[in-house]
Amino acid sequence: MLELKPEEKAMLEGRQGKATRKAMEIITLLGEIYGAKRLIPVSSVQIAGVSYDNLGEPGLEFLSDMAVDGKARVLTTLNPAGMDLEEWQKHGINADFARNQQRVIDAFAKMGVMTTCTCTPYLVGNLPHFGEHVAWAESSAVCFANSVIGARTNREGGPSALAASLTGVTAEYGLHLDENRVAEVKYDVRTRLKTTDDFGLLGQVIGERTKQAIPYITGISHATTEDLMSFSASVATYGGVAMFHMEDITPRTTTVPEKVQIITQEDLSNARRALDDKDAVIDFISIGCPHASIDEISHIANMLDGKRVKKGKTVWITTARPTKDLAVRMGYYDKIEKAGAFLVSDACCAVAPLKGRFTGLMTDSAKACFYARGKNKFKTEIRTIDECIREAVV
Amino acid sequence: MKLQGRKVFRGKVAGEALVTTQDISFYGGCDPQTGQIVEKGHELEGKSVAGKVLVFPTGKGSTVGSYILYALRKNGKAPLAIVNKIVDPVVAVGCIISEIPAVDQVQIDRLHSGQKVEVDADHGAVSTSG
């Protein structure tokens, strides 16, 4: 039985406005469905369902209604939108879409939500610490927060994340509780992973095998933050996994499962073959799913310096707005754009309205391949970042 | 006949049941303009959920489904009530934001399409007259 504090009851009874009431109804109902005993404060929220391409008019109407009197009570940031909020015109986004996308952003801004528009909020000012309770929605960020940082969040939907923001609480169930964060299957990786695409492929293999069971991964001797971002995105896309443990890399908080599965180079090669369409004609190259870090952008800018993107190919490097601003200051933006590639902020190739614009995507991201195929009907090829950039230029 | 379940979202309504043994994905599976089920091969394909007491085991598919229920409500095509065997978060949230009375943990195999049913969501009850 869910017990509410007086303050929470007041919200539920509508004494703090309509939007807060609706938000508290969402929180308490989910709590009842999942058998929570109480609500707990969250220190940050990350909301998904921002691109107008996914939300459509119904989603926008809901957000506008909530924005009438709803206000964020804790630090709240947004998932990528369907376009770069400033440079959308040069990326071929139509004006109708841009207007509607801006209405979505305005509704969030009215509620006091930070319009960061990124799937990597932890890189740009929304970084919880170990053990902190948060309510995040973006599946890759949820996985990163639970696993790499050791913060605690369920995989929220758009409305339930917004509800947590407007009330400052979430129901205590699922991954907020110790007993649900224990590893269930051990995966021993018997091959060396070098680049972000390798980690994406590993996420795909483990995600497909483990489904919802929390994996404990051994055999990884080294991983960069970008590698872990790629792995988090992929394992969450191809499985229902919202958390993993990686020996000597993520915080040691679990017992080690006895059941072991081996992952070989052949498993990774098979995963790579599955994402490589033989008849793909590559006219779109995109890096930045999850959003590229400043280190990746620096590397790509140096690769593109003095080069020229081939005719008939479009290159998107997608990232968060603050990272783009830094890239401008560092001269990376100029190097990338002078080569004819685009440094796109606020958006990504999975949520922008790209259907019908391209036929074949090359990327280093296993997650991007999934959405390119499913949502946009593109053929795909997965390569290292370096190979992607080499494919792009003359 | 009275079936006892659990309240998901408040409200008391009476209307005609539309029953399926198959799960429903509102996102991609139901047209928010017409209320018609459009999922290929679904038992209810071509039928409209508008104004019906919609009875199905549970929801499936994308979380955007919550917003489709909201759109149905705005377009006047929402179900009168929803009765589930077990509610999933997407439908639950959809019912709350759209204010659709809903009950779950109901033995839905006792219900059939065309029946007149009363849903008293506040008490988690579904009853038929006949």
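Parameters at a glance
- Residues numbered from 1 in each chain as written.
- Chains lettered and ligands numbered in written order.
- Predicted model: local features only at pLDDT ≥ 70, side-chain atom pairs only at ≥ 80, totals over all residues.
- Contact = placed C-beta atoms within 7 Å.
- Helix = DSSP H or I, 4+ residues; strand = E, 2+ residues; numbered from the N terminus.
- Nonpolar A, V, L, I, M, F, W, Y, C, P; charged D, E, K, R; others polar.
- Buried ≥ 20, exposed ≤ 12 C-beta atoms within 10 Å, placed from the backbone.
- Pairing = 2+ DSSP bridges.
- Right-handed = clockwise from strand over helix to strand, strands pointing away.
- Axes fitted to C-alpha atoms, helices over the stretch in contact; angles between N-to-C directions.
- Left-handed = near helix turned anticlockwise from the far one by under 90°.
- Domains from an automatic or database assignment.
- pLDDT = per-residue confidence, 0-100.
- Parallel < 35°, antiparallel > 145°, perpendicular 65-115°, else oblique.
- Arc of directions from axis to C-beta.

Caption draft 1: Structural view of the interface of chain A and chain B. Between chain A and chain B, the residue contacts involve 17 residues of the former and 17 residues of the latter. Mapped by element, the contributors of at least two residues to the side of chain A that touches chain B are α2 (18-33), α3 (52-67) and α6 (158-167) of chain A. A breakdown of the residues in the side of chain A that touches chain B according to their chemical character gives eight nonpolar, six polar and three charged.

Caption draft 2: Region of interest: the environment of Asn154(A). Residue and element names in this part refer to chain A. By secondary structure assignment, the location of Asn154 is in the loop between α5 (139-149) and α6. With 215 residues separating them along the chain, Asn154 and Cys369 place their C-alpha atoms 25 Å apart. If we ignore the near neighbours within four places in the chain, the residues touching Asn154 are Gly174, Leu175, His176 and Ala242.

Caption draft 3: Fine view of the pairing of strand β14 (residues 379-382) of chain A. All names here are of chain A. The alternating pattern of β14 places Lys379 and Glu381 and Thr380 and Ile382 on opposite faces, both of which are buried. Of the pairings in the sheet, the one linking strand β13 (residues 360-363) to β14 comprises four bridges and is parallel in character. Considered in β14, the bridge of Thr363 is made with Ile382. Between the parallel elements β13 and β14, the chain passes through helix α13 (residues 366-374) in a crossover that is right-handed.

Caption draft 4: Structural view of the packing of helix α10 (residues 294-304) of chain A against helix α14 (residues 385-392) of chain A. All names here are of chain A. Taken N-terminus to C-terminus, the directions of α10 and α14 make an angle of 35 degrees; their axes are 10 Å apart at the nearest point. Of the two elements, α10 crosses α14, and the hand of that crossing is right-handed. Along its contact with α10, which presents Glu296, Ile300, Met303 and Leu304, the element α14 presents Ile385, Asp386 and Ile389. A class-by-class count of the residues in the contact of α10 with α14 yields five nonpolar, no polar and two charged.

Caption draft 5: Highlighting the domain arrangement of chain A. Residue and element names in this part refer to chain A. Along its sequence, chain A is carved into domain 1 (6-178), domain 2 (182-274) and domain 3 (276-392). One C-alpha centre belongs to domain 1, the other to domain 2, and the line joining them spans 27 Å. Between domain 1 and domain 2, the residue contacts involve 14 residues of the former and 15 residues of the latter. Grouping the constituent residues of the side of domain 1 that touches domain 2 by class yields six nonpolar, seven polar and one charged.

Caption draft 6: Local environment of the confidence of the model for chain B. In the predicted model, chain B carries a mean pLDDT of 94, and the fraction of residues at 70 or more is 99%. Two numbers describe this predicted complex: its pTM, 0.92, and its ipTM, 0.78.

Caption draft 7: The pairing of strand β6 (residues 185-189) of chain A, seen in detail. All names here are of chain A. Sheet analysis places β6 next to strand β7 (residues 215-218), joined by four bridges and oriented parallel. Paired with Lys186 across the strands is Tyr216, a residue of β7. Following the backbone out of β6, through helix α7 (residues 196-210) and into the adjacent parallel β7, one traces a crossover that is right-handed. Relative to strand β9 (residues 260-263), β6 is paired through four bridges, and the arrangement is parallel. Paired with Lys186 across the bridge in β9 is Val260.

Caption draft 8: Highlighting the sheet that holds strand β2 (residues 44-47) of chain A. Pairing in this open sheet of three strands is parallel, and the strands run β3-β2-β4 (chain A) from one edge to the other. The open sheet is flanked by β3 (75-78) and β4 (135-136) of chain A, the only strands paired with a single partner.

Caption draft 9: Molecular detail of the packing of helix α8 (residues 225-238) of chain A against α13(A). All names here are of chain A. Orientation of α8 relative to α13, taken along the N-to-C sense of each, is 40 degrees, at an axis distance of 7 Å. Looking at the two axes, α8 sits oblique to α13. Within the contact between the two elements, α8 uses Ala233, Ser234 and Thr237 and α13 uses Ala366, Lys367 and Phe370. Partitioned by chemical class, the residues of the contact of α8 with α13 number three nonpolar, two polar and one charged.

Caption draft 10: Main features of helix α11 (residues 321-329) of chain A. All names here are of chain A. Of the residues making up α11, those classed as buried are Thr323, Lys324 and Ala327. In an axial view of α11, the angular spread of the buried residues amounts to 100 degrees, which keeps them on one side of the axis. Buried residues belonging to α11 abut α10, β11 (314-319), α12 (332-338) and β12 (342-345). With its phi angle positive at about 85 degrees, Gly331 sits one or two positions after the end of α11.

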